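Descriptive analysis of the structure
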Amino acid sequence: MKPTFTLGRVAGISIGVHWSVLVMMLLVTEIVAVAILPVQAPSAGTAVDWVAGLLAAVTFLASLLAHELAHAVVARRYGMPADRITLWLLGGVTELGTNPPTPRAAFLVAGAGPATSLVLGVVFGGLAAGAALLSLPTVLREVLTWLGFVNLVLGVFNLLPGAPLDGGRLLQAGLWKRSGDRARAAVSAARAGRFLGMTLIALGVFQLVGGQLVSGLWLALIGWFLVVSALSEESATGLRERLTGVRLRDVMSPEPVTAPSWWTVDTFLERVAERDHHRTFPVVDMEGRPVRLLSLTDLVRVPEQTRGDTRLEDLGRPLRPDGTAGPEDLLTELPAGSWQLSGRGMLLVVEGGHVIGIVNTHDVNRAVELANLGHLPRTGDGAAGEPGRAGHPGQPGQGTASPYVPEQRPGG
Ligand SMILES: [Zn+2]
C-alpha cells in the first residue's frame, strides 16, 4: 500500500494516506448524517447533521491512526523499524520492516492495536454517558455513542483469528510459542485468514441477496482482501522457509564477464558482447572494482560513427549501494527491492572489492524452482566441502529474517 501523500510524522513514524481513505470518510459521514442522526436526534437539522457526520469521520480516522500507532510503538520497543503507517479504504497498514524477534513480541505488537480500539470504545462510551448526564446536545451524545460503538466493533473484529487480522497474528504468536516454528505458525495463521475471508464473502453475498447493498458489499470486500492477503502471505512464507539458509554464493552465476570502463563501445562489442550470452554487464574500473551497470540497450543510443571513441565509463547506470552484496549474505535477508530483482536488474556479488558473481532473476527463479522440488542450489566445485548447509532448512535463528512483512489490518 503506497500512500498518496504523507500527513507528517508522529514519534518518527511517517503517517501516510492513500486516496481511497476519502471513500471511507465519505461513507462514514453519510452513515452518521443520513442514517443515524436524523433518527436519533431529529431536532438538529440537516446542516448540523452533516457537520457532525464529518467530525465523526475525522475522529474515526484518528481512532484508526491510534490503533496503528499502538502497533508501531510496541514494535519499535522490540527493535523493529516500524517507520510507516498508511491509512486506506479498509483501515490501516503498519509496516513492521522485520519479523518480531520472539513470540512474546509478536503477541504484544499484535495485541496493542485491538486493545487501543477497545479502550477508545469504552472512553467514547463514557463520554457519551457524561454528555447525557450534563444534558449536552443530543447530536454530540449520539456521535460519541457511535464512535464508542465503532471502536468496540473495530477492536472485536480485528481479534478474529486469521492473518492478516491482529487476531491472526495473536494466533500465530501462540502457535509459534508452542511449536517453536515461526514459519509454520505463519502458514497456519494465513490459512485461518483465508477461511475467515471466505466466510465473510459468503456472509456479504447473503446480505446482498437480502437487499442490504452497502454492508453486503463492504463485508465481501473485506473478505476478498483477507483472502488475497492470506494467500500471498502463505506462499511467501512457504517460499522463504524453503529458501532458508541459501547464500548468494549458492545461487550466483560465478566469474561473470565484466566490461573494463576504459574500453570503447566498439572494443566491447567485438570482444565481449558478440560472444557472451548476457544482456547486462558490470563495468569495472582499473582496480577491478565495479562502478556501473551496462546493458546492450544502453549501447543502442550511441551513434555508430562515435562508437570508436565513446568509453564505457560514460554509459549505463551508476551502481546503486543496494546493487551489491556479499557471497555469504542470505538470499532471504536481502532488502525487498534487490530480492525481487525486477526487470533487467542484477545484483553483484562482491568480495574483496571484486565482482565474483552475479545474481539475476534467472538465478533466483532457478533457486525457487529447485526449492519447490525439495532441493537447494549449492555452490559449484569450489565449495563442495559444505554440503551439510543445504540439508538444514528451518534452523532456529535463521527463520526470523525476512524481507518486508507488512502488518495489515482492514477495518471500518
Ligand atoms: Zn491492528
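Under an unreviewed UniProt entry, the protein chain has the name Zinc metalloprotease and belongs to Actinopolymorpha cephalotaxi. According to its UniProt record, the protein chain has this under Subcellular location (unreviewed entry): "Cell membrane".

Take the coordination of the zinc ion next. On the protein side, the zinc ion has His67 (NE2), His71 (NE2), Asp166 (OD) and Asp166 (OD) as donor atoms, found 2.0 to 2.7 Å from it. Angles of 53 to 148° at the metal separate the 4 donor atoms of the zinc ion, which places the site in the irregular class. Along the chain, the residues donating to the zinc ion are arranged with the sequence spacing H-x3-H-x94-D. Pair noted here: His67 is in helix H2 (residues 46-77) and Asp166 is in helix H5 (residues 166-179), with a separation of 99 residues, a long-range link. Per residue, the accessibility class of His67 equals that of Asp166, and both read buried.

The next thing to look at is the pairing of strand S3 (residues 84-88). With 4 of 5 residues buried, S3 lies mostly within the body of the structure. Where strand S2 (residues 13-17) lies against S3, 4 bridges are found, and the strand directions are parallel. Opposite Val17, over in S3, you have Leu87 as the bridge partner. One ladder, built from 5 bridges, connects S3 with strand S4 (residues 91-95); its direction is antiparallel. From the neighbouring strand, Arg84 faces S4, where its bridge partner is Glu95. With antiparallel pairing between neighbouring strands as the criterion, S3 and S4 make up a hairpin whose turn holds 2 residues.

On the surface, Leu133, Leu134, Leu136 and Leu140 cluster together into a nonpolar patch covering about 430 Å² of accessible area. Its location among the elements puts Leu136 in the loop between helix H3 (103-133) and helix H4 (138-158).

Another aspect to go through is the environment of Trp146. Examined against the element boundaries, Trp146 turns out to sit in helix H4. You can call Trp146 buried: its relative accessible area is 11%. Each C-alpha atom of the pair Trp146 and Val32 lies 8.2 Å from the other, and the pair is 114 residues apart in sequence. When sequence neighbours within four positions are dropped, the list of residues in contact with Trp146 reads Val28, Val32, Ile36, Ala56 and Phe60.

The strand order across the open sheet built from 4 strands is S6-S7-S8-S9, with neighbouring strands paired in mixed fashion. Unpaired on one side and paired on the other, strand S6 (259-260) and strand S9 (317-318) mark the two borders of the sheet. Note that strand S8 (residues 290-295) and S9 share 2 bridges and pair antiparallel. Its bridge partner lying in S9, Arg292 is registered against Pro318.

With that settled, the discussion passes to the packing of aromatic side chains. Scanning the entire structure with this criterion turns up 3 aromatic pairs. A centroid spacing of 5.2 Å and a plane angle of 85° characterise the contact between Phe268 and Phe281, whose relative ring orientation is edge-to-face. Highlighted residues: Phe268 in helix H9 (residues 265-273) and Phe281 in strand S7 (residues 280-284), separated in sequence by 13 residues. The pair formed by Phe268 and Phe281 is uniform in burial state, with each residue classed as buried. Of note, Arg271 hangs over the ring of Trp263, and the distance from its end group to the ring centre comes to 5.0 Å.

Here we take up the pairing of strand S11 (residues 346-351). Of all 6 residues in S11, 5 are buried, a share of seventy percent or more. Examined bridge by bridge, strand S10 (residues 324-325) and S11 share 2 bridges and lie parallel to one another. Bridged to Thr324 within S11 is Leu348. By the bridge criterion, 6 bridges tie S11 to strand S12 (residues 354-360) in an arrangement that is antiparallel. What sits directly across from Met346, in S12, is Asn360. Counting the residues between successive antiparallel strands, the hairpin from S11 to S12 contains 2 residues, one of them, Gly352, with a positive phi of roughly 60°.

Rules used in this analysis
- Residues numbered from 1 in each chain as written.
- Predicted model: local features only at pLDDT ≥ 70, side-chain atom pairs only at ≥ 80, totals over all residues.
- Heavy atoms only, no water.
- UniProt positions renumbered as here; feature names shortened; annotations may be inferred.
- Donors = N, O, S within 2.8 Å, 3.2 Å for Na, K, Ca; no water.
- Tetrahedral: all angles 85-135°; square planar, octahedral: opposite > 155°, others 65-115°.
- Helix = DSSP H or I, 4+ residues; strand = E, 2+ residues; numbered from the N terminus.
- Buried < 20%, exposed > 50% of the residue type's maximum accessible area, 1.4 Å probe, protein only.
- Pairing = 2+ DSSP bridges.
- Patch = residues over 30% accessible without salt bridge, like charges linked within 9 Å, V, L, I, M, F, W, Y side chains within 5 Å.
- Areas by Shrake-Rupley, 256 points an atom, 1.4 Å probe, with all protein chains shown as cover.
- Salt bridge = Lys/Arg side-chain N within 4 Å of Asp/Glu carboxyl O.
- Contact = heavy atoms within 4.5 Å.
- Phe/Tyr/Trp six-rings, centres within 6.5 Å; stacked < 30°, edge-to-face > 60°.
- Lys NZ or Arg CZ within 6 Å of the ring centre and 35° of its normal.

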